[in-house]
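# Tertiary structure, described
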Amino acid sequence: MSEHVNIVLQAVFAENLALAYLLGMCTFLAVSKRFDTAFGLGLAVIAVETLTIPINNWLYETILRSGALSWAGLPDMDLSFLRFLTFIGVIAALVQILDMALDRFVPVLHSRLGIFLPLLTVNCAVLGGSLFMVQKELDLSESVAYGFGAGLGWALAILVFASIRERLRYSDVPEGLRGLGLAFMVTGLLSLAFSGFAGLELRP
Amino acid sequence: MRYRQVLTDPIIDNNPVTLQILGICSAVAVTRSMWPAFVMAISVTAVLMFSNTAVSALRGIMPRSVRLVLEVTLIASAVIVADEALQAYAPETSKTLSVFVGLIITNCIVLGRAESFALNNGVRASFLDGLGNGIGYGLLLLSVAAVRELFGSGTLMDQPVFAQTADSAIFVANEFMALPASAFFIIGLIIWALRSWKPDQVEAREFDAEDGG
């Protein structure tokens, strides 16, 4: 169990997808002007990461990995080159299903997430999470923990960033730095702060 | 004339990273030294040219409702080819770039250009738009990588520029440049410089632009 807590902690802080691996930056910079939209997007990312990473893990382990098809009598088959297509397909399908399900059962949350949910298909933090899962060679239960932690870390990062940006709205910034330039600088400072978490680990 | 504009516009006047806010993740993550950045820029340009051409050629027969899925599939196929080619011919670089080659699929430049340009323009113009955006992206990537490699390890393209000895008083490697955070500051400064040079790229103040939004 402490193994899983460690995976979550590391995914949230030391290996934060947004601030340590710099994934999902397009959405991060574009959708962080207001705190409430950032909050909705953060929730969506947590949900999508927690669902897609274990599903992709299962598919990878049972079908794609080299030698994984031995249960079907094909021990020499290596389909791992298909992982990009499979992962992006799973993500696109799942985001679509989530979109429809939320619309049907939790319309309040759905209207709050608005257009951000479909956009998550092309958020590199989501695909990146699945690719890192392969690189880390996690098993199914670990991948649930990793997915949750990765989503939570990304959500935390965008919330912090959105709050800072709200404060900066009325500040007097040099002309050329206004908007995107300053957003980059602030993200740089945040990322620098998060690099202090490197090596964080819970010891039993 | 028009074709030339399509090709040269995205290099500085409408740069994908500094103005369109596209493709930032990889711009920051692979720029620690110039060689991986160069390989990355070439791969993105190749994928971009292929996907723009293919989407433009198929735009007449793609049903609008499933076009996103089709576009992503086209892009993913191109990326698989690029990834396998890199693993075969440049295994070292492929390892350095790790997941970022795969992440070209979700690089917003590729899908963004397919959606906003290739869907509405002819094959030749789309091809040139892909090339132009690839060059604009590569140029930014390489300038960030040049700064980080020069001050971070004293080399350019792995060729030593500053002599590095134990008691070197002239050059001490800047550890900060190895951190991803440095790329943000460099891109921020590049944007600042670019917008001082071309003031029409300056953004309107936020509270004027989006009040009530």
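Everything in this summary refers to the structure shown in the same document. Being a predicted model, the structure only gives us computed values, none of them experimental. (Residues numbered from 1 in each chain as written. Chains lettered and ligands numbered in written order. Predicted model: local features only at pLDDT ≥ 70, side-chain atom pairs only at ≥ 80, totals over all residues. Heavy atoms only, no water.)

For the rest of this paragraph, the subject is the pattern of salt bridges. Residue and element names in this part refer to chain A. Tallied over the entire structure, the rule returns three salt bridges over all chains. Its salt-bridge partner being Glu15, residue Lys136 comes within 2.6 Å of it at the nearest N-O pair. Here Lys136 is found in helix 7 (residues 124–136), whereas its partner Glu15 is found in the loop between helix 1 (2–14) and helix 2 (25–30), with 121 residues between them in sequence. With a shortest N-O distance of 3.0 Å, Arg65 and Glu61 are connected by a salt bridge. (Salt bridge = Lys/Arg side-chain N within 4 Å of Asp/Glu carboxyl O. Helix = DSSP H or I, 4+ residues; strand = E, 2+ residues; numbered from the N terminus.)

So, on to the packing of helix 3 (residues 34–58) of chain B against helix 7 (residues 123–153) of chain B. Helix packing geometry: the angle between the two helix axes and the distance between the axes. All names here are of chain B. The contact between helix 3 and helix 7 brings their axes to 8 Å, and the two run at 165°. Here helix 7 runs roughly antiparallel to helix 3, going by the angle between their axes. Seen from above, helix 3 lies across helix 7 with right-handed handedness. Looking at the contact of helix 3 with helix 7 residue by residue, the classes come out as 18 nonpolar, nine polar and two charged. (Axes fitted to C-alpha atoms, helices over the stretch in contact; angles between N-to-C directions. Parallel < 35°, antiparallel > 145°, perpendicular 65-115°, else oblique. Left-handed = near helix turned anticlockwise from the far one by under 90°. Nonpolar A, V, L, I, M, F, W, Y, C, P; charged D, E, K, R; others polar.)

Quick look at the packing of helix 3 (residues 35–64) of chain A against helix 7 of chain A now. All names here are of chain A. Helix 7 packs onto helix 3 with a crossing angle of 40° between their chain directions and a minimal axis gap of 9 Å. Here helix 3 is positioned oblique relative to helix 7, judged by the angle of their axes. Note that helix 3 runs across helix 7; the crossing there is right-handed. Where helix 3 abuts helix 7, its residues Val48, Glu49, Thr52, Ile53, Asn56, Asn57 and Tyr60 lie against Ala125, Val126, Gly129, Ser130, Met133 and Val134. Of the residues assigned to the contact of helix 3 with helix 7, the class counts are seven nonpolar, five polar and one charged. (Contact = heavy atoms within 4.5 Å.)

Now for the side chain of Ser191 of chain A. Tracing the backbone through its elements, the reader meets Ser191 of chain A in helix 9 (residues 180–194). A relative accessible area of 2% means that Ser191 of chain A is categorised as buried. (Buried < 20%, exposed > 50% of the residue type's maximum accessible area, 1.4 Å probe, protein only.)

On the side of chain A, 45 residues touch chain B, which itself brings 46 residues to the contact. Between chain B and chain A the total buried area reaches about 4,100 Å² when both faces are included, carbon and sulfur atoms providing 74% of it. The tally of links between chain B and chain A comes to zero salt bridges. In this assembly, chain B and chain A are joined by zero residue pairs in polar contact (both at pLDDT 80 or more). Of all the secondary structure elements, the ones that give two or more residues to the side of chain B that touches chain A are helix 2 (24–29), helix 4 (67–89), helix 6 (108–116), helix 8 (180–197) and helix 9 (206–209) of chain B. Of all the elements, helix 8 of chain B adds the most residues to the side of chain B that touches chain A, at ten residues. By residue class, the composition of the side of chain B that touches chain A is 30 nonpolar, eight polar and eight charged. (Buried area = accessible area lost by both parts, 1.4 Å probe. Polar contact = N/O pair within 3.5 Å; in protein donor to acceptor, adjacent residues only side chain to side chain.)

Residues and elements named next belong to chain A. If you walk through the whole model with that rule in mind, you get ten aromatic pairs over all chains. Seen in terms of ring centroids, Tyr21 and Phe132 are 4.5 Å apart; in terms of plane orientation they differ by 40°. Their pairing is tilted. Pair noted here: Tyr21 is in the loop between helix 1 and helix 2 and Phe132 is in helix 7, with a separation of 111 residues, a long-range link. Look at Phe28 and Phe161: their rings are 4.8 Å apart centre to centre, the planes differ by 15°, and that puts the pair in the stacked class. (Phe/Tyr/Trp six-rings, centres within 6.5 Å; stacked < 30°, edge-to-face > 60°.)

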